[in-house]
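Secondary and tertiary structure notes
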Amino acid sequence: MQDAENVAAPEAAEQRAEPGQQQEQQPAAEPPPGEEPPRPGGPGAQEAASGEDAAAEVEAGPGPDVPAEPAAGREEAAGAAPGSSPPPPEESLAPVPAAGEQPGGAAEDGGADEPSFSDPEDFVDDVSEEELLGDILKDRPQEADGIDSVIVVDNVPQVGPDRLEKLKNVIHKIFSKFGKITNDFYPEEDGKTKGYIFLEYASPAHAVDAVKNADGYKLDKQHTFRVNLFTDFDKYMTISDEWDIPEKQPFKDLGNLRYWLEEAECRDQYSVIFESGDRTSIFWNDVKDPVSIEERARWTETYVRWSPKGTYLATFHQRGIALWGGEKFKQIQRFSHQGVQLIDFSPCERYLVTFSPLMDTQDDPQAIIIWDILTGQKKRGFHCESSAHWPIFKWSHDGKFFARMTLDTLSIYETPSMGLLDKKSLKISGIKDFSWSPGGNIIAFWVPEDKDIPARVTLMQLPTRQEIRVRNLFNVVDCKLHWQKNGDYLCVKVDRTPKGTQGVVTNFEIFRMREKQVPVDVVEMKETIIAFAWEPNGSKFAVLHGEAPRISVSFYHVKSNGKIELIKMFDKQQANTIFWSPQGQFVVLAGLRSMNGALAFVDTSDCTVMNIAEHYMASDVEWDPTGRYVVTSVSWWSHKVDNAYWLWTFQGRLLQKNNKDRFCQLLWRPRPPTLLSQEQIKQIKKDLKKYSKIFEQKDRLSQSKASKELVERRRTMMEDFRKYRKMAQELYMEQKNERLELRGGVDTDELDSNVDDWEEETIEFFVTEEIIPLGNQE
Amino acid sequence: MLGIVNVWYSVNGERLGTYMGHTGAVWCVDADWDTKHVLTGSADNSCRLWDCETGKQLALLKTNSAVRTCGFDFGGNIIMFSTDKQMGYQCFVSFFDLRDPSQIDNNEPYMKIPCNDSKITSAVWGPLGECIIAGHEGGELNQYSAKSGEVLVNVKEHSRQINDIQLSRDMTMFVTASKDNTAKLFDSTTLEHQKTFRTERPVNSAALSPNYDHVVLGGGQEAMDVTTTSTRIGKFEARFFHLAFEEEFGRVKGHFGPINSVAFHPDGKSYSSGGEDGYVRIHYFDPQYFEFEFEA
């Protein structure tokens with residue numbers, strides 16, 4: 001997706017996320033349709049829930065006393081169906097069955113006297129507490145023996161009694177940071193401590209904190225603490241030594257998941273969501289008309305996503321994510337994550353990250369889950385407080401690492417173990433943002449100024465953690481990191497408030513990643529920056545700057561000697577977003593939403609504007625993965641009328657207007673990277689003339705075929721219509737006499753049937769004439 | 001001007017005369033074939049018969065709810081009108097035979113068809129005055145016998161309210177205009193669906209050219225449906241389609257509110273449109289209109 005590089009991207013991301021957000025507003029407690037709510041067990045309760053008639057109640061009642069029976073049955077029904085009568089207090093804790101399912105009970109035949117809630121004398125309560133409120137009992141407070149507040153510290157220096165006091169002091173200083181130490185124990189042997197100690201905290205949370213932070217603490221060269229929970233020893237002692245060989249899973253042949261790349265005409269596919277999300281279609285893009293491949297009702301509940309290489313289509317459901325693929329778009333994998341809202345694929349398509357706000361609990365992190373796509377297994381769960389900056393986890397370009405930023409910390413994990421790289425997060429106090437290079441395992445991050453320490457941008461190689469470049473910056477307000485798609489360049493957009501000047505000044509710090517020691521050049525910008533975007537696969541970048549309505553676009557070129565040159569500036573642009581063709585060179589400048597959907601198609605090789613156009617109220621622009629076509633669309637999610645998507649060539653020639661009822665979203669199916677070598681691509685470019693002849697001929701053929709088809713279609717339509725008119729007119733002629741009769745013999749079939757009866761009348765008028773040419777369509 | 005029906009010269013828009021009497025919005029007007037009488041129906045819960053030339057009110061038929069549609073049959077002897085489902089009253093189609101003055105005097109129609117499910121939003125007489133063709137709120141089309149009142153044919157091709165029905169000059173076919181953004185062509189006798197003309201906006205009115213295979217559609221975004229109705233977004237244009245090919249070949253801009261009604265001049269050389277903006281526009285076609293032909 002293009003806008004990953006745009007400054008305006010967050011806005012776009014919000015747009016996309018909208019359906020997910022809507023989901024959030026649904027009451028969390030509402031069970032998803034079709035799912036049976038948990039129901040209290042017990043034969044009595046079941047009877048009452050299934051049968052409303054007296055017979056069922058009689059069966060339920062165990063006693064021989066007839067008048068008492070209905071009361072007993074009702075009593076149980078009351079327990080099973082709240083709402084019919086006030087249930088006993090402890091039973092009201094039971095899981096709520098489908099409300100309203102059982103409106104009967106006491107209320108139905110009652111009305112006479114207060115119903116009796118007491119059990120009959122011979123009633124045997126055979127419903128166990130566990131069955132009734134198992135889930136609540138699980139959380140019942142338990143007698144604590146306090147061992148979960150105890151930690152064990154290994155690699156403590158071994159000392160004699162003379163230095164024990166000093167050691168205790170040191171230990172206390174280190175470990176009381178995490179909470180109050182209520183007890184300590186230093187085991188001794190032969191007059192010396194044993195090298196491990198036990199510490200007890202006031203609460204288990206402190207112990208957990210201590211383990212998290214003090215493990216690996218370097219006291220001195222010889223002594224690095226290993227800190228563990230006492231309870232963990234117990235846990236890991238009891239792990240069985242025997243290992244069961246996992247059962248071999250039968251191989252499922254999913255067919256060729258990349259079949260669409262073998263299409264003879266090299267057409268691309270795209271997905272379309274319309275009817276406000278009720279229907280989803282997959283089309284072949286075709287110059288003439290889109291060709292439908294698959295259309296399904298309620299395929300997704302919110303929106304869809306393609307995987308980065310286009311292999312899978314992900315659909316969103318209340319209960320989780322489903323992946324589809326292959327020629328028939330069969331379901332390939334399912335990931336159960338209740339209330340899932342956001343997902344992210346690893347760039348290698350091996351892993352899927354899902355986010356749901358519903359499932360997280362203290363001891364079972366499930367807000368974010370990382371899944372193995374091939375096996376469908378959950379690899380790891382994570383806590384997550386806010387999904388505001390999705391993706392929370394950013395992947396390295398090869399999918400080997402993924403990283404997450406929390407307060408003063410950058411945590412880098414590796415695949416496939418999903419564990420922390422080197423078992424340790426990076427402490428980077430004040431870290432504001434980070435980003436992986438798309439061309440290598442390098443992380444760029446920045447930290448703001450802190451008193452006398454300047455703000456800095458750091459480039460770090462991984463997994464070595466070697467800092468390959470650090471750049472200090474002063475008076476920084478904000479930084480934005482923009483990688484060029486191949487990782488050849490990094491642009492850091494720096495907003496500064498230099499001393500002695502007023503307002504914010506923006507600099508672009510351009511890092512040349514492929515050169516020794518990563519030289520940096522600076523481009524100063526005098527105006528407000530609206531959007532920035534690198535040319536993919538190139539060395540140019542485009543900047544939208546200025547204040548509406550005086551917005552300009554500038555194209556810069558990073559030359560091989562490092563000089564950054566302004567190639568061209570166009571002023572008076574109606575644009576707020578930059579969309580580069582995925583192949584580079586061509587760019588669409590779009591004034592989305594508030595700018596009415598103005599479009600400019602620019603060729604940056606010679607900086608000519610190829611076409612100026614407009615798709616009124618357009619909300620999205622999507623380039624196809626090959627850079628041949630571009631789609632502009634008005635999504636129902638942002639605008640309620642004229643929902644449609646229009647197809648343009650890269651030069652800005654409008655090919656199709658596809659109106660779709662309540663159209664929501666169009667996404668091109670991505671393609672995996674090309675298998676051709678650089679030389680082969682060069683060769684193709686060299687021979688382009690040869691190929692273009694063949695293609696032009698093909699185009700001519702299909703065009704003449706198309707116009708022939710159109711004429712042919714019109715001809716048959718006309719023939720059919722004439723046939724129909726002939727029949728109708730025959731009937732009309734047959735009825736002539738009846739008509740004459742009805743109008744007293746006057747023939748009104750033609751306007752001038754009764755010229756003889758006409759009377760001449762002369763009336764004078766003053767006429768002003770205004771000529772409006774007909775047929776000037778928009 | 002509420003409740004006044006006017007007659008204008010189409011040449012220059014000069015007013016010729018008025019029919020005064022109604023006290024509410026007039027929903028429908030029809031004249032009989034020899035223009036002796038004019039029939040009007042209004043939201044003031046009345047349907048009135050007028051002398052066409054003098055403007056004198058000849059009859060006043062009181063109803064329980066607003067009169068939505070009205071019309072003379074082919075011979076000009078029988079009138080029909082339909083009333084709205086409103087204020088607890090049902091939707092009815094009433095038939096009066098003008099040759100029997102007692103029916104008018106006693107306000108006793110010779111037939112009254114109740115219409116319970118989906119109210120009538122547009123209606124015209126079928127050919128030869130044997131039936132009426134009614135379009136309903138839910139998009140259904142019914143052909144009712146003018147003698148027995150029974151439903152002769154029922155079709156549902158539209159998904160939303162049918163705003164207008166207009167017959168071709170020879171009355172063998174008719175075009176419907178619907179809120180579902182389409183206009184459709186039907187055969188008057190069988191009610192068989194022939195053609196569909198698609199737009200992006202609700203269609204309020206559609207008319208067939210008397211001498212070309214053309215149809216004109218008028219409509220536009222309802223003002224209440226959009227917060228800021230620029231004329232641009234409203235698309236208040238008259239749109240011309242070819243009858244057989246279903247393809248649009250021309251548009252006329254000008255109105256700055258939805259078009260409520262369109263009509264061809266009987267000679268087919270001009271057409272008029274009436275809009276929510278309060279204007280009636282009359283457009284004469286340029287020579288290209290008559291020369292234009294599709295490649296076929």
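Our subject is the structure listed above.
Residues numbered from 1 in each chain as written. Chains lettered and ligands numbered in written order. Predicted model: local features only at pLDDT ≥ 70, side-chain atom pairs only at ≥ 80, totals over all residues. Heavy atoms only, no water.

Considerations on the interface of chain B and chain A
The interface of chain B with chain A comprises 52 residues on the first partner and 41 residues on the second. Summing both partners gives a buried area of about 4,100 Å² for chain B against chain A, and 60% of it is carried by carbon and sulfur. On the surface where chain B and chain A come into contact, there are 4 salt bridges. Of the charged contacts in the structure, one is a salt bridge between Asp642 of chain A and Arg201 of chain B, with a shortest N-O distance of 2.5 Å. Where chain B meets chain A, there are 7 residue pairs in polar contact (both at pLDDT 80 or more). For the side of chain B that touches chain A, the secondary-structure elements that each account for two or more residues are strand 17 (182–187), strand 18 (193–198), helix 2 (231–234), strand 21 (238–242), strand 22 (248–252) and strand 25 (280–284) of chain B. Looking at the side of chain B that touches chain A element by element, the count peaks at 5 residues for strand 22 of chain B. The class makeup of the residues in the side of chain B that touches chain A is 21 nonpolar, 10 polar and 21 charged. (Contact = heavy atoms within 4.5 Å. Buried area = accessible area lost by both parts, 1.4 Å probe. Salt bridge = Lys/Arg side-chain N within 4 Å of Asp/Glu carboxyl O. Polar contact = N/O pair within 3.5 Å; in protein donor to acceptor, adjacent residues only side chain to side chain. Helix = DSSP H or I, 4+ residues; strand = E, 2+ residues; numbered from the N terminus. Nonpolar A, V, L, I, M, F, W, Y, C, P; charged D, E, K, R; others polar.)

Some remarks on a nonpolar patch on the surface
Nonpolar side chains collect at one region of the surface, where Val767 of chain A together with Val11, Val280, Ile282 and Tyr284 of chain B lie side by side and expose about 460 Å² of accessible area between them. Topologically, Val280 of chain B is positioned in strand 25. (Patch = residues over 30% accessible without salt bridge, like charges linked within 9 Å, V, L, I, M, F, W, Y side chains within 5 Å. Areas by Shrake-Rupley, 256 points an atom, 1.4 Å probe, with all protein chains shown as cover.)

A closer look at the pairing of strand 38 (residues 620–623) of chain A
Residues and elements named next belong to chain A. Where burial is concerned, the two faces of strand 38 agree: the one with Asp620 and Glu622 and the one with Val621 and Trp623 are both buried. When strand 38 meets strand 39 (residues 629–634), the two strands line up antiparallel, connected through 4 bridges. Bridged to Trp623 within strand 39 is Val630. Between strand 38 and strand 39, which pair antiparallel one after the other, the connecting turn spans 5 residues, and Gly627 there sits at a positive phi close to 80°. (Buried < 20%, exposed > 50% of the residue type's maximum accessible area, 1.4 Å probe, protein only. Pairing = 2+ DSSP bridges.)

A closer look at unusual backbone geometry
Residue and element names in this part refer to chain A. Residue Pro391 is bonded to the preceding Trp390 through a cis peptide linkage, with omega at 0°. Within the element layout of this structure, Pro391 appears in the loop between strand 17 (378–382) and strand 18 (394–395). Cis geometry marks the peptide bond from Leu462 to Pro463, where omega comes out at 5°. Positionally, Pro463 belongs in the loop between strand 24 (455–461) and strand 25 (466–473).

Some thoughts on the packing of aromatic side chains
Each aromatic ring pair is described using two quantities: the centre-to-centre distance and the angle formed by the ring planes. For the structure on display, the rule yields 62 aromatic pairs over all chains. Taking 5.7 Å as the distance between ring centres and 80° as the angle between the ring planes, the aromatic pair formed by Trp299 of chain A and Trp324 of chain A counts as edge-to-face. Of this pair, Trp299 of chain A sits in the loop between strand 9 (291–297) and strand 10 (304–306) while Trp324 of chain A is found in strand 12 (residues 320–325), placing the two residues 25 residues apart along the sequence. In this pair, the class of Trp299 of chain A matches that of Trp324 of chain A, namely buried. Taken together, the aromatic side chains of Tyr212, Phe240, Phe245, Phe249, Phe264, Tyr271, Phe285, Tyr289, Phe290, Phe292 and Phe294 of chain B make up a single cluster linked through ring pairs. Positioned above the aromatic ring of Phe434 of chain A is the side chain of Lys394 of chain A, whose terminal nitrogen or guanidinium carbon lies 4.5 Å from the ring centre. (Phe/Tyr/Trp six-rings, centres within 6.5 Å; stacked < 30°, edge-to-face > 60°. Lys NZ or Arg CZ within 6 Å of the ring centre and 35° of its normal.)

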